[in-house]
Amino acid sequence: MSADEPGEELTSLVERSDLTGVRLWLAEHPPYEIADELSRMDSALAMIPFRLLDKDRELEVFEELDPVHQHEILAGLRGTAFSELLEEMDPDDRARLIGEAPAKIAARALAGLSPAERRMTAALLGYPEGSVGRVMTPETVVLHRDLTVGRALEVVRAEGAAAETVYTLPVVDDGRRLAGTVRLSDLVVSDDTAEIKDIVDILVPRVRATEPAEDAARLIQEANLVALPVVDSEERFLGLLTFDDALELIEEADSEDIARQSGASPVAGHYVAASVVRLARARSVWLLLLIVAATLTVNVMQAFEATIEQVTALALFVPMLTGTGGNVGSQSATAIVRALAVGEVRVRDLPGTAWKEARVGLLLGLMLACIALVIGTALVGRDIAVVVAASVIVICTWAAVIGSSMPLLARRVGVDPAVVSAPLVSTLVDATGLLIYFTIARTILGI
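None of these values were measured; they are calculated from a predicted model. (Residues numbered from 1 in each chain as written. Predicted model: local features only at pLDDT ≥ 70, side-chain atom pairs only at ≥ 80, totals over all residues. Heavy atoms only, no water.)

**Overview of the overall build of the protein**
- The number of helices and strands found in the protein is 22 helices and six strands.
- For the protein, the computed accessible surface area is about 22,400 Å², with 58% contributed by carbon and sulfur atoms. (Helix = DSSP H or I, 4+ residues; strand = E, 2+ residues; numbered from the N terminus. Areas by Shrake-Rupley, 256 points an atom, 1.4 Å probe, with all protein chains shown as cover.)

Okay, here's the thing in structure tokens:
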């Protein structure tokens, strides 16, 4: 067994009931690797190594798991083991877990928490799904702006152990309104008699608790922050969105976008552990929609059947033209969806974006038309070749406009731009591209 296949080794140890070997394997691997290997295993088998972990590592491994695998682990726990595991979790991680859990597990989880932890979790669950309030941590060390640096450090030492992070410290006024933040490193290097209000960063970005969590995560990335303050409508401090949670949000959002752009629904959990039926179900809906949409192409071919009968050579280039147009449209759509996700393009940029992509499509069309003209002339003669070359230019330009506009229009009407996936753009461009092709053929050939 090679060293780069620890999952197969762990699985075989569990299947052989070699508990000593399992304990040794667990002791030699960090929590994130253990979590990854548990995600690859059947839930019943995964419970065996999980229960062999000591309490501290059990929590660390559990928090590394995706929610879908956390639910499977919780379903296999009984008695105090269930409630103790949830009690020790960070409030934001616990709220995310309960918010995505089946109703039975969610009710059992809330009932097993201590009153203080239940109140904290319920407060986070009270924010809208997908909002930053759901994923922020309320366990922070809050400093008053009138404290001295020396006194602030005493507060950090006294309360820091219970906080999720102390690297970024929120600073508030008498009404708990956010005055800014101060970094722990700034406290350490400052004079003890200096006042917090003199070193606080008052220009630090902040977000409302009801704002989208993905937008807040992108802001952390753009502003190079360790943590982002979260406030209510009156600027009162509520909690922090930490960079590790932001990275998870971005990864999750990007995974969903990639799935939708390929014409599939996102699949939660590890790919290896997903069943064939589950994967097929995630892809089937879009394929059904796309095959219905593809009938547009059949209708266009049927409408121009007489034209094709007169010049049969036109049919030879249909696959090339639809493929080229679909590829150009897909490239454009993918670029714009990505630009929207990272904030480089906004809905109001639609006219300028469409105009830029039209010129990109035109340049690509001119380049490809030269190749098509040479190939077409060699195969079917100059007249048909001119039709194909002219069609390539127009189709590429049109495909780039469609591919760039659809995600922006989707965002304007409140639809996830990734839903306007590359396959959908490609299917639409195929149908319209054939209209362009046969219209140009009739015009140039006079048929």
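**Digging into the UniProt feature "transmembrane region" (unreviewed entry) in the protein**
- Taking the UniProt record as the reference, the feature "transmembrane region" (unreviewed entry) is found at residues 285-304, 360-380, 387-406 and 418-440.
- Across residues 360-380, the secondary structure splits into 100% helix and 0% strand, with the terminal C-alpha atoms separated by 29 Å.
- Counted over residues 387-406, helix gives 100% and strand 0%. Its end C-alpha atoms are 28 Å apart. (UniProt positions renumbered as here; feature names shortened; annotations may be inferred.)

**Considerations on the sheet that holds strand E2 (residues 168-172)**
- Judged by pairing direction, the sheet is mixed, and its three strands sit side by side in the order E1-E2-E3 without closing on themselves. Two strands bound the open sheet, and with one partner strand each, they are strand E1 (143-144) and strand E3 (178-183).
- In the sheet, E1 pairs with E2 via two bridges, with the strands oriented parallel. In the strand pairing of E2, histidine 144 is matched with valine 172. (Pairing = 2+ DSSP bridges.)

**Notes on the pairing of E3**
- Taken across its six residues, E3 has five buried, putting it largely inside the fold.
- When E2 meets E3, the two strands line up antiparallel, connected through five bridges. Directly across from proline 170, in E3, lies its bridge partner threonine 181.
- Counting the residues that bridge the hairpin from E2 to E3 gives five residues, and of these arginine 176 lies at a positive phi of roughly 60 degrees. (Buried < 20%, exposed > 50% of the residue type's maximum accessible area, 1.4 Å probe, protein only.)

**Section: the packing of helix H3 (residues 31-40) against helix H5 (residues 55-64)**
- Running from N to C, H3 and H5 cross one another at 60 degrees; their axes reach a closest spacing of 8 Å. Accordingly, the angle class assigned to the pair H3 and H5 is oblique. Here the hand of the crossing between H3 and H5 comes out right-handed. Here H3 contributes Pro31, Tyr32, Ile34, Ala35 and Leu38 to the contact with H5, which in turn contributes Arg57, Glu60, Val61 and Glu64.
- Classifying every residue of the contact of H3 with H5 by side-chain character gives six nonpolar, no polar and three charged. (Axes fitted to C-alpha atoms, helices over the stretch in contact; angles between N-to-C directions. Parallel < 35°, antiparallel > 145°, perpendicular 65-115°, else oblique. Left-handed = near helix turned anticlockwise from the far one by under 90°. Contact = heavy atoms within 4.5 Å. Nonpolar A, V, L, I, M, F, W, Y, C, P; charged D, E, K, R; others polar.)

**Remarks on a negative patch on the surface**
- Residues Asp54, Asp56, Glu60, Glu64 and Glu88 make up a contiguous surface patch of negative charge.
- When residues of the negative patch are assigned to their parent elements, the largest contribution, three residues, is made by H5.
- Here aspartate 56 lies in helix H5. (Patch = residues over 30% accessible without salt bridge, like charges linked within 9 Å, V, L, I, M, F, W, Y side chains within 5 Å. Salt bridge = Lys/Arg side-chain N within 4 Å of Asp/Glu carboxyl O. Lys, Arg positive; Asp, Glu negative; His and termini not counted. Charge placed at Lys NZ, Arg CZ, Asp CG, Glu CD.)

**Here we look at the layout of surface pockets**
- In this model, the second largest pocket occupies a volume close to 1,000 Å³.
- Lining of the second largest pocket is provided by 36 residues; of these, Gly130, Pro212, Ala213, Glu214 and Ala253 occupy positions nearest its centre.
- For the lining of the second largest pocket, the secondary structure elements donating two or more residues are helix H8 (91-100), helix H14 (213-223), helix H15 (243-261) and helix H19 (318-341).
- Across the lining of the second largest pocket, the residue classes tally to 16 nonpolar, five polar and 15 charged. (1 Å grid on protein atoms, 1.4 Å probe; cavity = no way out; pocket = protein on both sides within 12 Å on 5 of 7 lines; lining within 4 Å. Points joined across faces, edges and corners; volume = space filled by probe spheres on them.)

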